Amino acid sequence: MNNENLVEFICGMAESGSKAARNLGTGEPVSQGDCGDRKYEIDAAATEALIKYFEEESDRYDFSVALKPEDAEWDEGWRLSDGTTIPGSDLEQVDYGLVIDPVEGTKNQTNRDRYTAIAAIDPEDPTLDGVEASSIHRWDDTLFFSDGIDAYKSNNGEGLNNPNPLRVPEMDEVGYFTKITGQRLGKHSKDIAQLANRLTEESNLNHQDMPLGKGEG
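Keep in mind the model is a prediction, meaning the values are calculated, not measured.

Engineer: Help me understand the overall build of the protein in this model?
Structural biologist: Looking only at helices and strands, the protein features 3 helices and 11 strands. Taken from N to C terminus, the helices and strands of the protein fall in the order α-α-β-β-β-β-β-β-β-β-β-β-α-β. In the protein, 52% of the contacts between residues at least 6 apart in sequence involve partners at least 24 apart.

What follows is the structure, given as structure tokens:
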């Protein structure tokens, strides 16, 4: 596995956030299309656990990291393990920047399929291509992670032990109901439109059947 220590670190961090938040429950949805009424309490618990893990465990590794959870309460910047922050312009001081969503899936009302997500980026290449590793810890203890090259899935709380490689299934048919989902980050925003056009051309679709682009987050 590539970036084994980095993967171990961010997977452990994601698990800590998941376990701290999932036991709080979500409350009943307050309205259609809204999240549970304890959203902010859950976000705060997950974020606190992530920061605690970060501060206590980061010194075990031979790389330096800075983190930035979504909706961080501190001033604009990236947090170091000693509690200080640095601006984004100084992020190259560390080996990796951790972009964190402590509670993803807050709008999923059907089965509360929530998870904690972390991406470790190369400060010198803060794009999708610069993601060195990533981790998604779903609150049922299913773990998804990438070492920057390959992706894996682990069930039943087994963590990094004997994970199964993930493969993207081939699509038998492309059309209007095909949704291309992903984060629209910086210069990569145009990629979704280009991909939709390519699929339309290769599948010989009418323009009105062009696949949908959906940006999450």
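Engineer: What exactly am I supposed to notice about the packing of aromatic side chains here?
Structural biologist: Each aromatic ring pair is summarised here by two numbers: the centre-to-centre distance and the angle between the ring planes. In this structure the tally under the stated criterion is 6 aromatic pairs. Ring centres of Phe9 and Tyr53 lie 6.1 Å apart, and the angle between their planes is 40 degrees; this geometry places the pair in the tilted category. On the criterion of sequence distance, the pair formed by Phe9 in helix α1 (residues 4-22) and Tyr53 in helix α2 (residues 39-57) is long-range, its members being 44 residues apart. The class for Tyr53 is buried, based on a relative accessible area of 19%. An aromatic cluster is defined as three or more aromatic residues linked by ring pairs; in this entry it consists of Phe9, Tyr53, Tyr61, Phe63 and Tyr96.

Engineer: For this particular structure, what's the right way to read the pattern of salt bridges?
Structural biologist: Evaluation of the coordinates by the stated rule reveals 6 salt bridges. Lys19 serves as the salt-bridge partner of Glu15, at 2.8 Å between the closest nitrogen and oxygen. Taken as a pair, Glu15 and Lys19 lie in helix α1 at a separation of 4 residues, close to a single helical turn. The partly exposed category is assigned to Glu15, whose relative accessible area is 28%. Of the charged contacts, one joins Arg198 and Glu202 as a salt bridge, the two residues approaching to 2.7 Å between their closest N and O atoms. Of this pair, Arg198 and Glu202 both sit in helix α3 (residues 189-202), separated by 4 residues, roughly a single helical turn. Looking at Arg198, the relative accessible area reads 51%, which means it is exposed.

Engineer: In this structure, what is going on with α1? I would like to understand it.
Structural biologist: Here α1 is 19 residues long and its end C-alpha atoms lie 27 Å apart, about the 27 Å a rise of 1.5 Å per residue gives. Restricting attention to buried positions, one finds in α1 the residues Leu6, Val7, Phe9, Ile10, Cys11, Gly12, Met13, Ala14, Ser16, Gly17, Ser18 and Ala21. In this fold, the buried residues of α1 make contact with α2, β1 (65-69), β4 (96-104), β5 (115-121), β6 (131-138) and β7 (143-146).

Reading guide: rules and limits
- Residues numbered from 1 in each chain as written.
- Predicted model: local features only at pLDDT ≥ 70, side-chain atom pairs only at ≥ 80, totals over all residues.
- Heavy atoms only, no water.
- Helix = DSSP H or I, 4+ residues; strand = E, 2+ residues; numbered from the N terminus.
- Contact = heavy atoms within 4.5 Å.
- Phe/Tyr/Trp six-rings, centres within 6.5 Å; stacked < 30°, edge-to-face > 60°.
- Buried < 20%, exposed > 50% of the residue type's maximum accessible area, 1.4 Å probe, protein only.
- Salt bridge = Lys/Arg side-chain N within 4 Å of Asp/Glu carboxyl O.
- Expected span 1.5 Å × (residues − 1).

Interpretation note: all reported values are geometric properties and have no functional meaning in isolation.
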